Every structure is written in C-alpha cells, then in structure tokens.
Amino acid sequence: MTNQTNPEDLVGRGNREGSKLFRQWFAELDETAQQGGQSAYVFVMGSFNEILKTFDLPVVFPEINSLQTAVRRVAHEYLSEAEDYGYSPDICGYVKADVAIQLRDGEHPMGRIPKPSLAVFTNACNTYIKWAEIWERMYQIPIVTIDVPGTREADGQTWRGDEDFENDRCYIEAQTKELIAVCERVTGKKFDIDKLREVLGYANDVSAYWARILELNKSRPSLFNALTDGTAYLGVANGFRGTRTGAEYFKRLVEEMEYKAKHGIGTLADEQYRLAIVGVPCYPIFRRFTELFTEWNGTFVASTYLWFASGGANRGFQYDLNKPLESLAEGILISVRDAMDSMFYQDRILADAIDEFALDGIIYHPIKSCRTTSTGLADSRRYLAVKRDIPSLYIESDMMDRRVVSEAQLKNRIDAFFEGLASRRQKASIS
Amino acid sequence: MSTRIFDEWRDQSLDDALYQIRETVEDVEFPTVRRWRETGGRVLGHFQTYFPEEIAHAAGMLPVKMRGAPVESTYADSHFGSYLCSILKTSLETSLAGTLQLDMFVTHPICDAARNLAAIWGRNYDYPCQILYLPQNPNSAHSAIYLKGEYTRLKRTIEEVAGREVSQDDLRHSVVVFNENRRLLRELYTIKRETPWLVSAEDAYCLVSIGGLIPREEHNEILTTLLPQISGRDAREQDRIRVVFEGGFCEQPPLDLVRMLGRTCYIVDDDFLIGLRWITSDVSTDSDVMFNLAEAYIEQSSYSPVQHDNRKLKEEMLRQRIQNSNADATIVAAAKMCEPGLEEQVTYTHMLDAENIPYFVTEFEENMTSFDNLELQVDTFLENLLFA
C-alpha cells in the first residue's frame with residue numbers, strides 16, 4: 001500500500017487497493033494449502049476473527065470462495081458436481097459450490113483453498129451449522145457453534161443492564177472461552193490476552209471506519225455504489241478484520257470518501273435515483289445486474305447486505321480493551337444480533353433509511369439460495385408499503401445459480417420500475 | 001383440568017374412537033382450539049419442532065402445535081416469496097383465514113425460513129410474536145443455564161398473556177402431566193416397534209398428533225383408555241417389510257401418504273412430530289423445575305436435522321433408530337424446499353450405503369393429493385426387498 005494522497009490517485013483508490021488485498025489474501029491461502037498449513041473456516045456473520053487472529057490462524061470464508069465462483073462464471077460447474085454427489089438443486093448454492101471445492105481438493109479459480117483445521121460459526125444463518133456438519137464428516141475436525149441469541153420480537157432488543165441481555169451475553173462469553181480452549185488444542189499455542197487486545201483494537205478501527213463509510217454515502221451525490229463497490233469493501237472488512245492491514249485500508253478508504261464528499265464527486269455522473277437494495281447480490285451477473293439500474297441513472301446508496309454480511313459491523317461497536325472477553329461477548333451479541341435484525345426486521349431500519357439516505361425506491365431481491373435473507377421480504381415489503389409512501393420493486397433470482405437468473409425478465413421489470421419512478425416524479429413536479 | 005374440548009371419542013368402540021381422532025386431526029377448522037377459545041381460554045401457537053409446552057400449560061393456556069395444514073394458501077401466499085416449503089405458508093394461512101386464532105405465537109430458529117416467522121407474524125398481529133432461542137450449541141457447558149434464563153423470559157410474556165403468574169408448583173404440576181404424556185407416547189411407540197400389526201400407521205400418527213390440539217390431560221385420558229385396547233386387539237402379524245420413516249420432523253406428510261405407506265409396510269419408528277416426543281424420559285420435579293426442563297431439552301432428548309449436537313451425529317442416531325426398531329429398510333423423506341431435510345438426506349444415504357441398509361429417497365408436500373406414482377415406487381422398492 002502506498003501513501004499516495006494525490007487527488008487524482010485518491011479517487012478509486014479503495015477499489016484498487018481492495019482488489020490487491022484480495023488477491024494477496026487468496027495467494028496466502030494458496031500457499032497455506034500448498035504447505036498443508038492450518039486454517040479456520042469461518043463465516044461473515046460473526047467470524048470470530050478476533051479470536052482466530054490471536055492464534056495466527058489463516059481464515060477461510062467459504063461464502064466468499066463460493067460467490068467468487070459465480071462472479072468468475074464457473075459456479076455452474078461446481079453446483080453440478082455437488083448435485084451429482086447428492087445435494088438437491090433446492091438448497092443453498094454456496095454450500096454446494098463449497099462441497100465441490102472440497103471434492104476437488106481445494107481447487108478454486110483464485111488458487112487452492114486449504115483444508116480446515118477447525119470451523120467456527122454462529123447461528124446467524126442456520127445453513128452455517130448444516131454446512132459445518134459436512135466438514136465435520138469430511139475431515140473429522142472440531143466444529144464450534146457460537147450461539148448468538150437474536151432479537152426475540154420486533155423492537156424487543158435488550159441492552160446492558162437488562163437481565164435478559166446479561167443472560168445472552170454470559171452465554172456468548174462462556175462459549176468464547178470454550179472456543180479459546182479448542183483453538184489452544186488445535187494450534188498447540190497458549191492464548192495471549194494481550195494479543196487479543198491488539199486484535200480487538202484493530203477490529204475497533206475497522207468497525208468505526210465501516211460505520212463511517214456507510215454514513216458517508218448519505219452524501220448527494222452518493223460516493224460509492226453500495227452493491228458493487230460496497231461488496232468489494234465488504235470482502236476486505238471480513239477478511240482483514242482484526243488486522244493492522246484492515247485498519248489501515250479502511251482509514252484510507254474513509255479518507256477517499258471524505259475527499260469525494262467534500263468535492264461532490266459521485267459514483268454516477270448524473271445521479272437521478274437513489275435506491276436501497278434488500279438482500280444478497282446477484283453474483284452470476286454481478287456487473288450486469290447493477291448496470292440494469294445505472295443505465296437509468298439509478299444507484300444503490302444503501303444495501304442491507306453491507307449491514308448483515310459485515311456481521312453487524314455497521315453498528316461500529318467498540319470493544320473495551322480493559323475487559324476484552326466480556327466486551328467481545330457484548331460486541332458479538334450486539335453486532336451479530338443487528339446483522340440478524342437487518343435480515344428479519346429490516347422494515348424498521350428501512351423506514352428510517354428512506355429519509356436518511358433520501359431514497360427514491362427500494363429493490364427487494366429475494367433469492368432461491370438463501371431463505372434466511374429472503375423468506376420475509378414479501379411481507380416486509382407489504383408492511384413498509386403501508387407505513388411509508390415509497391416505490392419498491394420485488395425481483396427474484398439467485399446469488400449462485402444462473403439457471404434461475406433471467407436477465408431479460410429482470411430487465412423488463414427494472415425498466416418498468418424506472419418508468420414508474422419517472423412518471424411519479426413528473427406528476428410530483430406538476431402538482 | 002376445568003375445560004374439556006374433545007369428547008367425541010368417549011364411550012365409543014376402539015375403531016370408532018380412532019375414527020373420531022382421525023377426523024379431528026384432519027379437520028382444518030381446528031374445532032378443539034375453537035372450543036377452547038369459546039370458553040375464554042387463551043391459545044399459544046408454537047411452530048415446529050420443540051416447545052416447552054409445560055410453561056404455557058402451567059399458565060392455563062392451551063399450547064397448540066402449528067404444523068401447517070392441507071389447505072390452499074389463499075391469504076398467505078402474498079406474504080412469501082418462491083422457493084419455500086409449504087408449512088410456512090399454510091401455518092400463516094390458518095391464522096389469516098381465522099381458522100386458528102391465537103393469543104401468542106412462538107417460532108424457533110430451526111431453519112433459515114422458520115426463524116423469519118416471528119417477524120412476519122409480528123407485522124400482521126398485535127399479540128406477542130416471538131422467537132424462542134433454543135440453544136444451538138448444546139455442547140456448551142453453559143447452555144442449560146442460558147436456556148433456563150430464556151425459558152424464564154418466555155414465562156414472563158406468557159404470564160402477561162395469560163393474566164396470571166406461574167408458580168414453581170404450577171410448573172411442577174405441569175411437568176408431572178407431561179411426564180405422564182411422554183410415558184404414554186413411549187408406550188405407543190413400543191407397540192409400533194414390537195407389534196406394529198396392532199395399530200395402523202395412520203392411527204398411530206393421529207394418536208400422537210391429537211396431543212398438539214387438546215389439553216394434555218385429555219390426551220393422557222385418550223392414551224390411557226385406548227392403548228390397552230390396542231394392545232389387546234386380536235390381529236395377526238403379516239409378512240411386511242419393517243420400515244423407519246425419517247423426514248417428518250417439521251412439515252408433515254399428508255395423512256393419505258401415511259395411510260398409503262401403512263398399507264404396504266410396517267412403519268416401526270419415525271420422526272413424525274418429533275417435537276411432541278423430543279424429551280425421551282421423565283423431567284425431574286425436584287428443586288428447580290425450570291432448570292430441569294431446560295436441561296432435559298439438552299440431555300434427555302431425541303434428534304432431528306434442525307438440532308445440532310456434536311454428541312448426536314444424525315446418521316448415527318438414525319442407525320440406532322433402525323437398529324432399535326429392528327427395521328429392514330428406511331424411507332428417507334424430505335418436505336419439498338426443506339433445506340435441512342434435503343441436506344440431511346445426503347448424510348443419511350451415505351451412511352445407509354456404507355451399512356448396506358436398503359433405503360428409499362423421496363420428497364413430499366403436505367398439500368399433495370396424488371400418490372399413485374409414489375405408491376408404485378414404494379411398492380416396487382418393498383417387493384424387491386420382500387422377494388430378494
């Protein structure tokens with residue numbers, strides 16, 4: 001990473017440096033695989049990078065590996081292989097792509113993926129648990145669930161000082177200590193609490209900067225496309241959480257965004273429509289999907305994906321380094337719970353985002369592969385339509401499986417949506 | 001018990017009593033629940049699979065097992081997207097259509113779809129709509145303590161809805177009632193395993209299922225009265241394949257499918273409505289009953305694809321179920337679009353291949369009405385075994 005601050009180089013720096021870091025990360029994983037080194041398989045919603053980095057364990061995000069096969073247009077090969085192995089066409093495409101990667105001994109378009117030494121996962125997505133059970137059988141490795149109780153009912157979050165909150169927090173703290181014992185056993189290293197403090201400090205930076213970046217996109221014009229650019233930043237936020245590299249990257253990204261905000265440099269030359277997208281990206285046609293909106297000068301200023309798939313880092317929770325384990329448990333509870341809220345109760349958050357981000361419309365994108373993020377979207381849309389006067393579009397596709405992605409149908413619906421937005425704006429200007 | 005809501009089976013012959021039970025289980029108007037409400041009773045609807053019904057019972061509420069229904073999703077369809085299992089939609093449908101009216105709804109984090117239900121329900125109803133976070137890390141030494149806290153939180157809401165406090169003695173009394181219920185259900189399953197010719201697959205299913213629709217005291221009366229009569233039946237064993245049915249832990253196969261299977265084989269064990277049979281032995285009534293109930297969920301329990309426990313590898317649990325019931329073969333089913341069920345099919349079939357245990361893989365949906373093809377396939381599978 002350079003210290004270049006020339007304005008011409010500043011704009012777009014985050015994307016360039018993010019790509020470089022991503023390639024570097026996969027190169028390191030490839031090297032680990034070649035050398036037969038240890039790795040931990042983790043997931044984006046509650047990766048526990050904070051603990052795993054303390055043990056210097058390379059982290060593998062199978063979700064990211066899988067989506068990369070879709071972005072690189074080879075997912076169908078992996079999906080078919082897993083289906084031949086016995087998995088149904090009706091289950092999560094991420095799981096199936098990963099199963100095929102494992103059956104191929106780690107072969108992946110970005111390099112070889114190391115085998116797991118252990119797997120750590122929360123219950124933020126139930127499929128995480130079923131997925132880890134597959135590795136448990138394939139490799140006979142320890143798999144560790146960190147159970148994070150979510151919000152029990154709408155607007156029912158509890159906070160520090162509440163007995164229910166403390167019950168949940170103590171449960172997570174106990175599980176974290178049990179995870180540490182497993183890490184000690186797997187790595188043969190003794191837990192170092194001072195190193196944890198260091199890692200937590202970097203994680204604090206990443207969380208604070210991540211929250212700031214999302215906040216900055218309220219600017220008009222918006223500074224980055226939350227679906228494309230945002231997803232690239234998200235990869236770094238997950239992979240480099242708890243590291244100096246991650247903290248420095250986001251510090252520089254904030255610098256870039258603040259510069260763009262100050263100088264009115266938007267992601268589109270002529271921003272006409274500010275949109276939020278609810279759900280997971282359509283990776284099989286990742287760029288093209290976004291173009292279907294940008295061609296109408298519409299851009300995504302917010303995305304629930306950047307909330308839940310960052311494990312709730314959008315809350316910017318700051319760990320208390322004087323009470324590292326207690327605070328880690330509290331931070332995981334609040335952040336991962338928030339990630340789940342962004343999937344199940346996003347109607348509440350979107351109602352506020354309409355004003356905060358000056359939204360012109362909301363795009364709901366349920367997908368076949370993911371019931372966690374998709375099951376409630378139709379109902380959520382109905383609810384919000386009653387509460388707020390906001391146009392919305394409901395389009396179904398998939399994050400992995402191009403067999404259920406129809407670009408022509410998507411374009412038809414999206415074009416009609418923008419025609420409606422234009423008509424609405426015209427009527428508003430007349431009245 | 002002050003309110004009786006299911007009398008149709010009383011003073012009937014065994015066959016007529018079983019007929020009345022089948023009719024009630026199949027009635028998509030939920031007449032027993034309606035009667036309960038008509039007498040002023042409060043209803044807590046809980047989605048699959050397990051719910052600590054003792055807590056609702058102790059508060060004087062009727063806990064009702066939400067297991068979908070074979071109905072069209074006229075009202076509910078617009079609340080859901082595609083690619084989802086039927087039980088989600090029909091459970092909401094029964095509520096939106098007004099056939100199953102609740103005072104509280106509880107779902108569980110059993111799968112990615114079901115965990116959305118608290119939010120969906122809550123956007124449509126003003127009464128408490130919650131998710132009960134049963135522990136998904138039962139291997140943590142702290143999980144029972146956590147679950148006791150979670151049950152205590154749940155109890156507070158139930159008390160508000162019921163309008164009365166639940167004492168330790170109330171809870172102890174309910175645990176005694178449910179322990180008796182579990183003992184009777186175990187007795188029913190002993191009959192299925194040891195003398196399956198004495199009770200048809202559909203009657204055994206309905207004898208369990210009716211329990212989720214009536215007070216447990218009434219269910220206990222039914223089982224106490226009918227099980228001895230079933231055991232005393234004069235029926236002969238037939239030359240049929242003994243089968244374990246796996247895949248009924250959440251969405252239920254239509255009763256006609258169970259009936260069809262029962263015509264061609266003996267279902268000697270299964271996971272139908274496993275939540276009603278989740279706890280496998282008596283819950284202690286000593287000292288801290290709430291803790292005992294929580295601990296039983298973890299330490300005295302069955303298995304299903306939606307409960308993770310490092311000590312209970314699902315394929316090993318299925319292998320034991322087959323072995324303990326002396327089954328010849330297994331039907332490995334999954335509800336359509338049921339992700340955990342479909343994923344577990346792979347695990348199960350790999351084990352069954354390795355153990356050389358015959359199996360038949362299929363999918364079902366609660367709304368399916370045609371079984372001709374399936375019956376032909378099952379018949380062929382069983383005949384192959386019978387005449388091998």
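This write-up is about the structure you can find in this document. Model, not experiment: these values are computed from the prediction. (Residues numbered from 1 in each chain as written. Chains lettered and ligands numbered in written order. Predicted model: local features only at pLDDT ≥ 70, side-chain atom pairs only at ≥ 80, totals over all residues. Heavy atoms only, no water.)

Focus on the sheet that holds strand 5 (residues 273-279) of chain A
Residue and element names in this part refer to chain A. Formally: A strand pair is defined by DSSP finding two or more bridges across the two strands. Only runs of H or I of at least four residues qualify as helices and only runs of E of at least two qualify as strands under DSSP, and these elements are numbered from the N terminus. Helix axes use the C-alpha atoms of the stretch in contact, all axes being lines fitted to C-alpha atoms, and the angles between their N-to-C directions lie in the range 0 to 180 degrees. Pairs of residues are marked as contacts when any of their non-hydrogen atoms sit within 4.5 Å.
The strand order 6-5-7-8 describes an open sheet built from four strands, whose pairing is parallel. Each edge of the sheet is formed by a strand with only one pairing partner; in this case those strands are strand 6 (298-303) and strand 8 (392-394). The average undirected angle you get between the axes of adjacent strands in this sheet is 30°. Strand direction decides the pairing type here: strand 5 and strand 6, joined by five bridges, are parallel. Among the inter-strand pairings, Arg274 is bridged to a residue of strand 6, identified as Thr299. Sheet contacts for helix 12 (residues 286-294): strand 5, strand 6 and strand 7 (361-365); angle to strand 6, the most-contacted strand, approximately 115°. On top of the sheet, helix 18 (residues 407-430) reaches strand 5, strand 6, strand 7 and strand 8; it is set at about 140° to strand 5, its chief contact.

A closer look at helix 11 (residues 289-299) of chain B
All names here are of chain B. We count it as follows: To sort residues, take the accessible area from a 1.4 Å probe on protein chains only and compare it with the maximum for the residue type: under 20% means buried, over 50% means exposed, and anything in between is partly exposed.
Burial within helix 11 is extensive, with eight of its eleven residues counted as buried. Among all positions of helix 11, only Val289, Met290, Asn292, Leu293, Ala294, Ala296, Tyr297 and Ile298 are buried. The inward-facing, buried residues of helix 11 abut helix 3 (53-58), helix 6 (143-162) and helix 7 (168-194).

With respect to the packing of aromatic side chains
Residue and element names in this part refer to chain A. Heads up, the rule is: Each aromatic pair joins two rings of Phe, Tyr and Trp (for Trp, the six-membered one) with centres within 6.5 Å, and gets the label stacked for planes under 30 degrees apart, edge-to-face for over 60, and tilted for any other angle.
Taken as a whole and judged by the stated rule, the model has 35 aromatic pairs over all chains. Each ring, one from Trp210 and one from Phe250, has its centre 5.9 Å from the other, and the planes form 90°; the classification is edge-to-face. Within this pair, whereas Trp210 is found in helix 9 (residues 193-216), its partner Phe250 is found in helix 11 (residues 244-262), the two being separated by 40 residues in sequence. The buried category is assigned to Trp210, whose relative accessible area is 1%. Classification of Phe250 by relative accessible area gives buried; the value is 0%.

As for the interface of chain B and chain A
The parts lose accessible area when they come together, and the size of an interface is often stated as this lost area. Rule in force here: Buried surface area refers to the total accessible area, computed with a probe of radius 1.4 Å, that the two partners give up upon joining, counted for both partners together. By definition here, a salt bridge exists when the distance from a side-chain nitrogen of Lys or Arg to a carboxyl oxygen of Asp or Glu is within 4 Å. Side-chain atoms alone can form a polar contact between residues adjacent in sequence; in general such a contact is a pair of N or O atoms within 3.5 Å, and within protein one must be able to donate a hydrogen while the other accepts it.
Opposite the 54 residues of chain B that make contact, chain A presents 58 residues. Both faces considered, chain B and chain A share a buried interface measuring about 4,800 Å² in area, 48% of it formed by carbon and sulfur atoms. Counting the contacts that link chain B with chain A gives nine salt bridges. Here Glu163 of chain A and Arg156 of chain B are joined by a salt bridge, their closest N and O atoms 3.6 Å apart. Here chain B and chain A share 39 residue pairs in polar contact (both at pLDDT 80 or more) between them. At the level of secondary structure, the elements contributing two or more residues to the side of chain B that touches chain A comprise helix 5 (117-124), strand 4 (129-131), helix 6, helix 12 (314-324) and helix 13 (339-355) of chain B.

Quick notes on helix 4 (residues 62-71) of chain A
With nine of ten residues buried, helix 4 of chain A lies mostly within the body of the structure. Looking one or two residues past helix 4 of chain A, Arg73 of chain A carries a phi angle of roughly 65°, positive in sign.

Thoughts on the packing of helix 6 (residues 93-103) of chain A against helix 7 (residues 126-139) of chain A
All names here are of chain A. As a reminder of what qualifies: The cut-offs work like this: below 35 degrees is roughly parallel, past 145 is roughly antiparallel, 65 to 115 is roughly perpendicular, and the gaps in between are oblique. Each helix crossing is assigned a hand: it is left-handed if the near helix lies turned anticlockwise from the far helix by less than a right angle, otherwise right-handed if that turn is clockwise. The classification used treats Ala, Val, Leu, Ile, Met, Phe, Trp, Tyr, Cys and Pro as nonpolar, Asp, Glu, Lys and Arg as charged, and all other residues, Gly among them, as polar.
Interhelical geometry of helix 6 versus helix 7 gives an angle of 15° and a closest axis separation of 11 Å. Regarding the angle of helix 6 to helix 7, the classification is roughly parallel. Helix 7 is crossed by helix 6, and the crossing has right-handed handedness. Mapping the contact onto sequence places Tyr94, Val95, Asp98, Val99, Gln102 and Leu103 in helix 6 and Thr127, Trp131, Ile134, Trp135, Met138 and Tyr139 in helix 7. Residues of the contact of helix 6 with helix 7, tallied by class, amount to nine nonpolar, two polar and one charged.

Digging into the sheet that holds strand 4 of chain B
Residue and element names in this part refer to chain B. Reading across the sheet, the four strands line up as 2-1-3-4 and stay open at both edges, with parallel pairing between neighbours. Either end of the sheet is taken by a strand with one partner, and the two such strands are strand 2 (62-66) and strand 4. Put simply, the sheet's adjacent strands are angled 25° from each other on average, direction ignored. Across five bridges, strand 1 (residues 43-47) lies against strand 2 in parallel orientation. Looking across to strand 2, one finds that His46 is bridged to Lys65.

Re the side chain of Arg152 of chain A
Mapped onto the elements of the fold, Arg152 of chain A is located in the loop between strand 4 (143-146) and helix 8 (163-187). In this structure Arg152 of chain A comes out as buried when scored by relative accessible area, which is 9%. Beyond its immediate sequence surroundings of up to four residues, Arg152 of chain A is in contact with Asp168 and Tyr345 of chain A together with Ala118, Cys129, Gln130, Ile131, Tyr133, Tyr146, Glu150 and Arg153 of chain B.

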